[in-house]
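# Commentary on secondary and tertiary structure
Single-letter residue listing:
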Amino acid sequence: MIPLDAGASPAYLAKRVAQLAVPRPPYLRPGMSPMGKAAAMAAHLGGKSATMIRGVAVPGVLVDGTAAYPVVGSLVGTTRWLQAERIDQRLLVPGRGLDAFLAELAMLDIPALLAGPAAWELLTCCLLVEPDADVLAVRGRGPGEREDRTSTTSVERGRYPVWHMGPRVLASYLMTGRMPRVLRAYTWRPVGIVAGCRPVSLPGGIVFDPARMRPRSGDTFNDLASAIAEMALRAKTGTLDGINRLAMDRLAGSGKVGRNGIAYGQAVEFNRSDRTHPVWGPFGILPSMTAEEPGWLADPAVGALATAGCELMLTLLELIVAQAGGSIAFADTDAAFVLVTHDGDEIPVDGRGVDGEPIPQCAGTITFERLVEILNRFRGLAEATCLSIPAHDVIPEGEGYRLPVVDPPGILRSVFKVTGENLIDGELWTPGLHCYATAQKRYVLFREEEGKRVSPKSSAFVLGTLANFRRDGELDLGHVEEAWRIGPDLADGGVPAGAVGIDLDEPVFQPMVMSALGDWRALGPLKFATENPEGIRPFETVLVPVSAGKHRARLVAFYEPDRATWRDLALRDPKGLTWITRTADRLIVVLRARGGKVQVVQSLGAWLTDHFSNPEPMTSGGDGRPCEEATRGMLSPRPVRIAELRIAGQETHRRRDEEGVQGWDVQVEQEVFARFCRAPGCRTVLVGRQRKWCEKHREYPGSRRQAWAK
């Protein structure tokens, strides 16, 4: 059995089991061409995250996928690719299998997908799509923006076809009723089992045996992600054999990291390397080199299909809810907030346009009984995974329902669960939970109790990256809730009601662990050395200020837990110069400061105002205009057109937003390997000083090129 302390991180347990059970890493497995892998990497766009009702509190129920990545991997079969002897790849083009394959895809509908894995296994493919008002995920940036983001919206006809994984193309087909135009496709099927595979035991008597044909036999699984997911599910319910309660609590958390690592995270792992390698694109080798190498479990198609499959699962839920007359307030990777009321009638939504003028709107809701019926339609998928996904009875009690866990079948068993935030005393659902969302991954769930808002779940997205919201290295949930209490008022330009429990005047700092070698080296003379024993050591935590506007230098300070000292904290830059920080309203104090340079930083109040004012990208409000800070109410996707296509490496330092250490970007921009000519249908890679047109199309008349650019 693999011991609980086998490695330094939860992800190590899963990786070590894979190495012991399967003697060959996936990237050495034959069958998948470099161009096929490149197409899968181009189609990897991350999970779906969107706000549909912005800035208005609405009642409902939060539903969340149970072990979403392993479940999707089990349905499409990719989590069993680990032990495959080879992958059978086919390239389909018109006249050579593509038309017949698309006809098979077009036969899939909601009942077929909910019936079991047979339909899902057809989706292990990557399709080159020429968009034409299709609802697809796109990753990129709009005019004038610096950050790439992923959004699902209507993509209009443009110059470039784009690669998408099968589940996302099918999701567009289900939403529009029209199959997107596909130019070519890669399909993949696993063949055989690699020689030398052997079973490995996990804590609690669960066994991963890659040589077995049946998905599950007793406590033995032929799917590592499912085996770890089963371990985590049992640890959460306290039913792991031979493991004490404390160890089960640890395994419940570490098992979640391990199962998601195998099913998704480690499949898309690429690391910086001292060696350079050629770069392959979907149509051949590119005139570039990269200093990236795949991790031991890297398998791009597996990772891309995991997130695409989760989007299809959410799309199924959204469509079924919409067919029942309901609405969704937000969706986030594998979760959604469904509007639920006692009578299931429409509710008014106080919408506003970009100019603040009111726009009356109505949102459909469903009853809790109807929600249970919808969730139970996913029962077949829950049972097909062979996981011990809990089943519930739904027993009326007062104004709500009690949901005790029972042995299957139960009244409700689904891959989507009614989360604990909805329940009182662990199993009683009653009306009253509300959701207030502002943008992607930014939402709060709350109830009204004795005239006060009580928050069972406050999103710490980005908030959690600030040192202002951390104590002793842990997230301060009380301060996060307080930020959500006052943040919407600050964004509206109002004054928060009641006493404010956080200091809005303190400067904003972010903690940064010097775990990346490039970051540590960039410290220059500040880093630890024999001649500088007091310097900053690798993996030491430092503070980095969040600048107001352009940052003037890379600044760090030794971590100081006492926030009262932050206003006069001395920082250093890699040249050894000393700096002081001041918020905008304390600049006058600079006149009394002795020596040093000054960096203006944001105050916490100003930062929160910006954070809660952030609009939902790629959407329009009720007035039909693009969503801005003042927009409230129901949103609709805003059509986009792909104006430029580039192939870039991984975002090594994604810190300006999600993981946020602003002002310390060793690699500010992504490494771009190739840009393509803007002429319609041209796949020529631009080289040298070429920026828009290849050598051939540069000679075309300017009027024609201008028409292409529109």
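Since the structure is predicted, the reported quantities are computational estimates derived from the model, not experimental observations.

### Considerations on helix α2 (residues 34-42)
When we look at burial in α2, the residues that qualify are G36, A38, A39 and A40. On its buried side, α2 packs onto β4 (84-92), β5 (125-130), β8 (162-165), β9 (181-193), β14 (270-281) and α10 (300-323).

### Describing the sheet that holds strand β32 (residues 509-513)
Judged by pairing direction, the sheet is antiparallel, and its three strands sit side by side in the order β32-β33-β34 without closing on themselves. Both edges of this open sheet fall to β32 and β34 (557-558), since each of them pairs with a single strand only. Bridge count for β32 against strand β33 (residues 541-545) is five bridges, and the pairing is antiparallel. The residue of β33 that forms the bridge with F509 is P545.

### Observations concerning the side chain of H611
Turning to its location among the elements, H611 is positioned in helix α15 (residues 604-613). Non-local contacts of H611, meaning those with residues more than four positions away in its chain, are made with R442, F461, V462 and L463.

### Some details on the side chain of T581
By the element assignment, T581 lies in strand β36 (residues 578-583). When sequence neighbours within four positions are dropped, the list of residues in contact with T581 reads F509, P545, W566, R567, L569, L571, Q599 and V601.

### Examining the pairing of β9
Alignment of β4 against β9, held across eight bridges, turns out to be antiparallel. Considered in β9, the bridge of A84 is made with I193. Here β5 runs beside β9; their pairing, made up of six bridges, is antiparallel. Residue pairing for β9: C126 is matched across the bridge by Y186.

### Notes on the sheet that holds strand β25 (residues 423-424)
Spatially, the four strands line up as an open sheet ordered β21-β22-β26-β25, and their pairing is antiparallel. The open sheet has two free edges, formed respectively by β21 (395-397) and β25, since each of these has just one partner strand. Bridging between β25 and strand β26 (residues 428-429) involves two bridges; their strand directions are antiparallel. The residue bridging I424 from the neighbouring strand is L428, located in β26.

### Thoughts on the state of the cysteines
By definition, a disulfide links two cysteine residues through a covalent bond between their sulfur atoms. On inspection of all chains with the given rule, the structure shows zero disulfides. Just so you know, C362 is unpaired, no disulfide at all, and the nearest cysteine sulfur is the one on C435, 18 Å from it. No disulfide involves C682; its sulfur sits 3.9 Å from that of C677, the nearest cysteine. A relative accessible area of 12% means that C682 is categorised as buried.

### Description of the packing of aromatic side chains
Inspection of the entire model under this criterion finds 12 aromatic pairs. Plain terms: the ring middles of Y186 and W188 are 6.4 Å apart, the flat faces sit at 0 degrees to each other, and that makes the pair stacked. Since its relative accessible area comes to 0%, W188 is described here as buried. Counting every residue linked through ring pairs, the aromatic cluster contains W163, Y186, W188 and F283. Taking NZ or CZ as reference, R453 lies 4.1 Å from the ring centre of F446, over its face. Over the ring of F528 we find R537, and its NZ or CZ is 4.0 Å from the ring centre.

### Re the pattern of salt bridges
On inspection of all chains with the given rule, the structure shows 32 salt bridges. Note that R485 is salt-bridged to E482, the shortest N-O span being 2.9 Å. Residue R485 and its partner E482 are both found in helix α13 (residues 477-491); the two are separated by three residues, about one turn of the helix. Among the residues examined, E482 registers a relative accessible area of 14% and is labelled buried. With its nearest N and O atoms 3.4 Å apart, the salt bridge here joins E699 to R698. Assessed through its relative accessible area of 56%, E699 is described here as exposed. Residue classification places R698 among the partly exposed positions, given a relative accessible area of 43%.

### Considerations on the environment of V162
Relative to the helices and strands, V162 resides in strand β8. Spatially, the C-alpha atom of V162 lies 9.1 Å from that of I642, the residues being 480 residues apart in sequence.

What counts, and where the lines are drawn
By convention here, each chain's residues receive numbers from 1 onward along its written sequence. Only residues with pLDDT of at least 70 are given local features in this predicted model, and only at 80 or more are side-chain atom pairs given and counted; all residues enter the totals for whole chains, interfaces and linings. By convention in this description, side-chain values take in all heavy atoms of the structure and omit both hydrogens and water. Only protein chains enter the area calculation, which uses a 1.4 Å probe; residues under 20% of their type maximum are buried, those over 50% are exposed, and those in between are partly exposed. Put simply, DSSP marks the helices as runs of H or I at least four residues long and the strands as runs of E at least two long, and each gets a number from the N terminus on. Contacts were defined at the residue level, with two residues in contact if any of their heavy atoms lie within 4.5 Å. Pairing between two strands requires that DSSP report at least two bridges joining them. Put simply, a disulfide is two cysteine sulfurs that come within 2.5 Å. Within 6.5 Å between ring centres, the rings of Phe, Tyr and Trp (the latter by its six-membered ring) count as paired, and their orientation is classed by plane angle as stacked under 30 degrees, edge-to-face over 60, tilted in between. Two conditions define a charge located above a ring, namely a distance within 6 Å from the ring centre to NZ of Lys or CZ of Arg, and an angle within 35 degrees of the ring normal. One speaks of a salt bridge when a side-chain nitrogen belonging to Lys or Arg is within 4 Å of a carboxyl oxygen belonging to Asp or Glu.

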